[in-house]
Amino acid sequence: MTKNIDWQKVQEWDENYYVHLDVTKEEYQQIPVERTEGDYLVLPDGTKLLDFFNQLYCVNSGQCNPEIQDAIKEAADRYGFVWEAFNTDYRAKAAKLIIEDILGKDSWAGKVSFTSSGSEAVEKALIIAKLYKNRPNIITREHAYHGWTMGAAGATRLIGVRSGLAKGDSEEYRQVPGHPMAGYHVAPAPNCFNCSLGHTYPECKSCGEQLPCVQQTESLIRTVGTDTVAAMITEPSFGAGSFHPPKEYLPQIRKMCTDLDILWICDEVLVGFGRMGTWFGHQQYGVTPDIMTMAKGLVSSALPAGGVVISKEIAEFMDEWRWWTVSTFAAHPIAMAAVCANLEYMIKNDLPGMCKESGEYFGGKLRELEKKHKCVGSVTGAGMLWVVEIVKNKKTKERFAPIDRHTMYSGEISMYPTKYILSKTVEKGVLVGGFTPNTLRIGASLNVSKEDMDKAIDALDYAFSCLDEMCTDDEQKIIKSA
Ligand code: 6DF
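We now turn to the structure provided with this report. (Residues numbered from 1 in each chain as written. Predicted model: local features only at pLDDT ≥ 70, side-chain atom pairs only at ≥ 80, totals over all residues. Heavy atoms only, no water.)

All right, on to a negative patch on the surface then. On the surface, a cluster of negative charge is contributed by Asp22, Glu26, Glu27, Asp169 and Glu172. A residue is classified by how much of its surface remains accessible, and Glu26, at 71% relative accessible area, is exposed. (Patch = residues over 30% accessible without salt bridge, like charges linked within 9 Å, V, L, I, M, F, W, Y side chains within 5 Å. Areas by Shrake-Rupley, 256 points an atom, 1.4 Å probe, with all protein chains shown as cover. Salt bridge = Lys/Arg side-chain N within 4 Å of Asp/Glu carboxyl O. Lys, Arg positive; Asp, Glu negative; His and termini not counted. Charge placed at Lys NZ, Arg CZ, Asp CG, Glu CD. Buried < 20%, exposed > 50% of the residue type's maximum accessible area, 1.4 Å probe, protein only.)

What follows deals with the packing of helix α7 (residues 212-224) against helix α8 (residues 249-260). Their axes nearest at 10 Å, the elements α7 and α8 cross at an angle of 25°. Judged by the angle between their axes, α7 and α8 are roughly parallel. Every pair of crossing elements has a handedness; the one defined by α7 and α8 is right-handed. For the pair α7 and α8, contact is made by Cys213, Val214, Thr217, Glu218, Ile221 and Arg222 and by Tyr249, Gln252, Ile253, Met256 and Leu260, respectively. Its residues placed into classes, the contact of α7 with α8 shows seven nonpolar, two polar and two charged. (Axes fitted to C-alpha atoms, helices over the stretch in contact; angles between N-to-C directions. Helix = DSSP H or I, 4+ residues; strand = E, 2+ residues; numbered from the N terminus. Parallel < 35°, antiparallel > 145°, perpendicular 65-115°, else oblique. Left-handed = near helix turned anticlockwise from the far one by under 90°. Contact = heavy atoms within 4.5 Å. Nonpolar A, V, L, I, M, F, W, Y, C, P; charged D, E, K, R; others polar.)

With that settled, consider the nonpolar core. The biggest cluster of nonpolar side chains holds 70 residues, and the ones touching the most others in it are Phe52, Phe362, Ile442 and Phe464. In terms of residue count, the dominant contributor to this core is helix α10 (residues 333-348) (ten residues). Both domain 1 (7-63 + 351-477) and domain 2 (66-349) contribute no fewer than three residues apiece to this core. For Phe464, the contacting residues outside a window of four places in its chain are Leu369, His373, Cys375, Val376, Val388, Ile390, Ile421 and Leu440. The next biggest cluster of nonpolar side chains, apart from the first, holds 22 residues, and it includes Ala121, Ile138, Tyr184 and Ala231. (Core = buried A, V, L, I, M, F, W, Y, C linked by side-chain atoms within 4.5 Å. Domains from an automatic or database assignment.)

This next bit is on the environment of Ile99. Along the chain, Ile99 falls in helix α4 (residues 89-102). We classify Ile99 as buried; its relative accessible area is 18%. Between the C-alpha atoms of Ile99 and Gly110, which are eleven residues apart in sequence, the distance is 6.9 Å. Excluding anything up to four places from it in sequence, Ile99 contacts Gly104, Ala109, Gly110, Lys111, Val112 and Val309.

Attention now goes to helix α13 (residues 450-468). Each α-helix turn comprises 3.6 residues. Residues three or four places apart therefore point the same way. Taking 1.5 Å per residue as the helical rise, α13 with its 19 residues ought to reach 27 Å, and the 26 Å between its terminal C-alpha atoms agrees with that figure. Residues Asp452, Met453, Ala456, Ile457, Ala459, Leu460, Asp461, Ala463, Phe464, Cys466, Leu467 and Asp468 constitute the buried set of α13. (Expected span 1.5 Å × (residues − 1).)

Quick look at the sheet that holds strand β16 (residues 439-442) now. The three strands lie next to each other as β13-β14-β16, forming an open sheet whose pairing is antiparallel. Across the chains shown, the open sheet's two edge strands, defined by having one partner strand only, are β13 (376-382) and β16. Taken over all neighbouring pairs, the strand axes of this sheet differ in orientation by 15° on average, direction set aside. In the sheet, β13 pairs with strand β14 (residues 385-390) via six bridges, with the strands oriented antiparallel. In the strand pairing of β14, Val376 is matched with Ile390. Running over the sheet, helix α11 (residues 351-372) touches β13, β14 and β16 and is turned about 175° from β13. (Pairing = 2+ DSSP bridges.)

On to the pattern of salt bridges. Scanning the entire structure with this criterion turns up 25 salt bridges. Of the charged contacts, one joins Lys356 and Glu360 as a salt bridge, the two residues approaching to 3.1 Å between their closest N and O atoms. Here Glu360 and Lys356 lie together in helix α11, a separation of four residues that amounts to about one turn. Accessibility expressed as a relative area gives 45% for Lys356, which makes it partly exposed. A salt bridge links Lys372 to Asp461; its shortest N-O distance comes to 2.9 Å. With Lys372 in helix α11 and Asp461 in helix α13, this pair connects stretches of sequence that are 89 residues apart. When its relative accessible area of 52% is taken as the criterion, Lys372 is described as exposed. When its relative accessible area of 19% is taken as the criterion, Asp461 is described as buried.

Moving on: the sheet that holds strand β1 (residues 35-37). Strand order in this open sheet of four strands is β1-β2-β3-β15, and the pairing throughout is mixed. Lying at the two open borders of the sheet, with one neighbouring strand each, are β1 and β15 (430-431).

Following the criterion strictly, the structure yields twelve aromatic pairs and no others. Here the aromatic rings of Phe317 and Trp321 are separated by 5.8 Å at their centres, their planes lie at 45°, and the arrangement is tilted. Taking 6.2 Å as the distance between ring centres and 65° as the angle between the ring planes, the aromatic pair formed by Tyr409 and Tyr416 counts as edge-to-face. Its relative accessible area of 21% is what places Tyr409 among the partly exposed residues. Among the aromatic residues, those joined into a cluster by ring pairs are Phe53, Tyr57 and Phe435. Here the basic side chain of Lys48 rests over the ring of Tyr40, its NZ or CZ set 5.3 Å away from the ring centre. (Phe/Tyr/Trp six-rings, centres within 6.5 Å; stacked < 30°, edge-to-face > 60°. Lys NZ or Arg CZ within 6 Å of the ring centre and 35° of its normal.)

Below, the structure written as structure tokens:
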């Protein structure tokens, strides 16, 4: 138990001195967490909340994993701090575990460079790609999320979560001036539930060798000028944007990048390290990237850590140059100790395999809810990363919030289905929600118990029953979301 904490004082200091996110001062409601354990947040009054956000889909090995915590304590006995110019056993071992033990059999990975976050991993990946190809342009996609720092934010096109300001009592909002910076070009998103090209999957496969969204992407790259494009960056599954591409998409993107001689950066910050039942999301499709970013599950968020993996070819290129880049805390020895302990725990317990099994169980339960509830439009996912599309009308796919993924989160948003559903599941002691208005993004730790999965399903069943009351059945024409 923690020592006596004056939570009154904590609340006062927090309200007076901390800049809060995504709510105005009037809207702010503090959620004090006294400690965490497994898949639970424990509040000062002893309330335990089952976290099916897994914070930001990032505590893969569970909160306060004893093996990781012990490793941190042991490292803290040896280190304060050394910066990247100095090697430590922890950093070398972390790199070896990634390149040899985890990625060895895929035989593409060359070397690792660590960072302190996923945004910085994306920044580093973009810079390496531009240096390697000596070209300025990057291809990204609608609804992508790649981070908040300037370069990563250029690739982030989920417009409402790109550091903008929004009013609660009006539709007023403000984007960061100069965001996104030049040099980024936006390809269509492979979002089959709501295709921005107006197609329907799988019928769209008859449009040609490539899916229409891939055709449009290739056309965009040729229009920009293939010899000016360094790389295309993709998430294997859209994390914050909340949808999974069709199985043909990534293999076609891989082939297109190879054919057009541009690099493919696969952003595995959220999906990486077992989240979908394989070590990495791209492995679900039997393809390998040129550069891969990582964070979150790399260290199970026990301490800040991220990084990039570069191919053997790019590693050989980098070895021929003096590369001056520095970030003070990159490869922090104690964070590296946590990375090593987390990866060894995941390897020893086959956490990706455990997650695949849990996903089969949990996905089956979600699909039962899809059949039962009028408000559930579709269920897709794998492992511990699921998407539930919420609709007002199952036949027409009408949305409760037509603005959908183009929201700036300004004005009245309490009736966004994801917010409403969270307000209902919390009544059952469960946190379930999403980061777009109409789409739940669900996932617990990869070692979540069956009992906790059942508890989350029961809470969702209750929330969907409440929302079903507000659904309609009329057969009006298909209404497109924004
Ligand atoms: N790349 C991807 N996700 C990411 C993230 C980053 C890079 C954010 C926190 C998220 C996820 C789900 C819902 C809402 O945060 P960071 O700088 O360590 O990593 C940036 C594919 O998903 C972060 C937000």
